[in-house]
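# Structural features, examined
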2 protein chains.
Amino acid sequence: MLELCLLGTGGMLPLPYRALTSLMVRYNGSSILIDCGEGTQNQIRLQGWSFKPIDVICITHFHADHISGLPGMLLTMGNAERTEPLTMIGPRGLEHVVNSLRIIAPELPFEIKFIELEQPEEVIEICGLRIQAFRVNHRVTCYGYNIELDRAGKFDAARARALGLPVQYWSLLQKGETVDYEGNVYTSDMVMGSPRKGLKVTYCTDTRPVDAIAECAKDADLFICEGMYGEEEKLSKAKEHKHMMMREAAELAKEAQVHEMWLTHYSPATNRPKEFEAMVQSIFPQGYIAKDRTEKVLNFEED
Amino acid sequence: MLELCLLGTGGMLPLPYRALTSLMVRYNGSSILIDCGEGTQNQIRLQGWSFKPIDVICITHFHADHISGLPGMLLTMGNAERTEPLTMIGPRGLEHVVNSLRIIAPELPFEIKFIELEQPEEVIEICGLRIQAFRVNHRVTCYGYNIELDRAGKFDAARARALGLPVQYWSLLQKGETVDYEGNVYTSDMVMGSPRKGLKVTYCTDTRPVDAIAECAKDADLFICEGMYGEEEKLSKAKEHKHMMMREAAELAKEAQVHEMWLTHYSPATNRPKEFEAMVQSIFPQGYIAKDRTEKVLNFEED
């Protein structure tokens, strides 16, 4: 089960009624945050979620609306008595940017480990999840992120029984371990079916639409994508500032065959993004204009 | 006339229902901001005031709750198409701290002029106002600020007439200029009474109570002062972290004979600071537990 909350849906500037875009995902006692603009910590408080278990913070890029809330967030995590190391993932230069911002948050009770992304695609296994970063196309180096939770194949009790292996060893095989029992070696694949469909969330902002997005978002349970502008006459502006139209995001969602899409990162000039939802759904019916603190629980599908 | 708004009243951390302490003062088309924590720009928006005319930003000290909103504020001022230089005033190291935070706001359409405070007391004349900075006693170097608007003496038309000076020269004398008319020199003091009471606002956070505060706040029309804790049992905590009790602030207000006091910078653990207002008023009757966006217009007194 992945619990997630899109903490804010604004782009460029925080607004009193629309916080900056940020995603928080909870899994198995750990929390992962993607982006941390000014006000993100207030959204976490409103949501009633905790600061202490934030084990990973991913940053898409170093524009202020995606990272300006970081020094305050780190201090608040320290005040929540976190002492375990925090892992930060982001483009090359991450450590320099974070340390520069930490001029006002120099003392923290926890260590920060930095993972700077160098390749167009990188995979980091952390907190029992697989985080895939993929480079997109913005004015500065920017990455989208997949958060994936794998699901092992189904355990076949009949086969385990047929092998003659006592029940107390079954859970080891279920965990993928190898069992040596009475001179015989039993491996996981002897009793486990092929891996089942896991869970996948794709988060992608700020960027022009590029092939990598549709490829990386392929079959995602939830695709969270920027939709900076709704009005087609803003296309040249979107191209100039390397942002995406809501229409373009919907086309990516369709191409990637995702299960559901939430738009986010609306222009501060767009007062009622909901007005564009019908247009979006005419292209991709499961596309929604998300609001601040839209939340969802993703469960493995029934067998 | 000074228009002022205490944008937030929180200390330490931004909270969804209590923004970080910051004061905005408007005078004659200019705005002056004191402190700029995370969320300050949202409070300005809620208040309906403009970003573009912010000509001066004073910073009390470099703890995050007083400056974490700065990079976003500077970008928002740039988006408001400000091109005139901005003056920043603060403790020594200001330029280094601001430039370090500007790693995420490197390009601005306006210049920043820095005034770094070196002395225990310094006076800066700017925007037609007098800003007096006075050093207080916190864990790091910290300054309080007076914002003062002078008022010239009353023009004595009878004396001007008696001097035989034509009416068209009167306004020059009123502005303090000297007039040479038909071989005679007329100076301002010949027709102006002694200066009248002006307006004075004192802003003071974070600090232990020290003599300099009562001296500098003397006779202020409005004294805005931190009151981190209300409960007397928190005195040792206040001393340890170099903050002030509400009681101590009220005693300073009484000693300084200010006209009115607003408390601010409440501990995040204090859910209902209003509960301490009666205690405060038992010491200083014009003392109030301010709320976010408490506003006031200060006018010169009637002659």
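Model, not experiment: these values are computed from the prediction.

Below, the discussion takes up the overall build of chain A. Looking only at helices and strands, chain A features nine helices and 16 strands. Here chain A has a C-alpha radius of gyration of 21 Å; the compact-globule value for 303 residues is 19 Å, and the two agree. In terms of overall dimensions, chain A has C-alpha extents of about 70 × 50 × 35 Å along its principal axes. Out of the 303 residues belonging to chain A, those deemed buried represent 48%. Once local pairs closer than 6 in sequence are excluded, the contacts in chain A between residues at least 24 apart make up 67%.

In this section: the interface of chain B and chain A. In this complex, chain B contributes 26 residues to the contact, which on the side of chain A involves 26 residues. When contributions to the side of chain B that touches chain A are tallied by element, the ones reaching two or more residues are helix H1 (40-47), helix H2 (70-79) and helix H3 (94-101) of chain B. Ranked by residue count, the leading element in the side of chain B that touches chain A is H2(B), at five residues.

Take the sheet that holds strand S2 (residues 22-27) of chain B next. Residues and elements named next belong to chain B. Taken together, seven strands build an open sheet; the order of strands is S6-S5-S4-S3-S2-S1-S16 and the sheet is mixed. A single partner strand is all that each edge strand has here, and the edge strands are strand S6 (112-117) and strand S16 (294-298). With strand direction ignored, the average angle separating the axes of adjacent strands in the sheet is 15°. By the bridge criterion, four bridges tie strand S3 (residues 30-34) to strand S4 (residues 54-58) in an arrangement that is parallel. Within S4, the residue paired with Ile32 across the bridge is Val56.

Residues and elements named next belong to chain A. The UniProt entry lists His61, His63, His138 and Asp206 under the feature "binding site: Zn(2+) 1" (unreviewed entry), expressed in the numbering used here. Across 146 residues of sequence, these annotated residues stay compact in space, with a maximum C-alpha separation of 10.5 Å. Examined against the element boundaries, His63 turns out to sit in the loop between strand S4 (54-58) and helix H2 (70-79). On the basis of neighbour count, His138 is assigned to the buried category, with 20 C-beta atoms found within 10 Å.

All right, on to unusual backbone geometry then. Following A:Thr205, the chain continues to A:Asp206 via a peptide bond in cis, the omega torsion being -5°. Residue placement: A:Asp206 occurs in the loop between strand S12 (196-204) and helix H6 (211-217). Positive phi outside glycine occurs at B:Glu81, with the angle close to 65°. Along the polypeptide, B:Glu81 turns up in the loop between H2 and strand S5 (86-91). At B:Glu182, a position not held by glycine, the phi torsion is positive, near 50°.

Cut-offs used in this document
Residues numbered from 1 in each chain as written. Chains lettered and ligands numbered in written order. Predicted model: local features only at pLDDT ≥ 70, side-chain atom pairs only at ≥ 80, totals over all residues. Helix = DSSP H or I, 4+ residues; strand = E, 2+ residues; numbered from the N terminus. Rg over C-alpha atoms; globule rule 2.2 N^0.38 Å. Buried ≥ 20, exposed ≤ 12 C-beta atoms within 10 Å, placed from the backbone. Contact = placed C-beta atoms within 7 Å. Pairing = 2+ DSSP bridges. Axes fitted to C-alpha atoms, helices over the stretch in contact; angles between N-to-C directions. UniProt positions renumbered as here; feature names shortened; annotations may be inferred.

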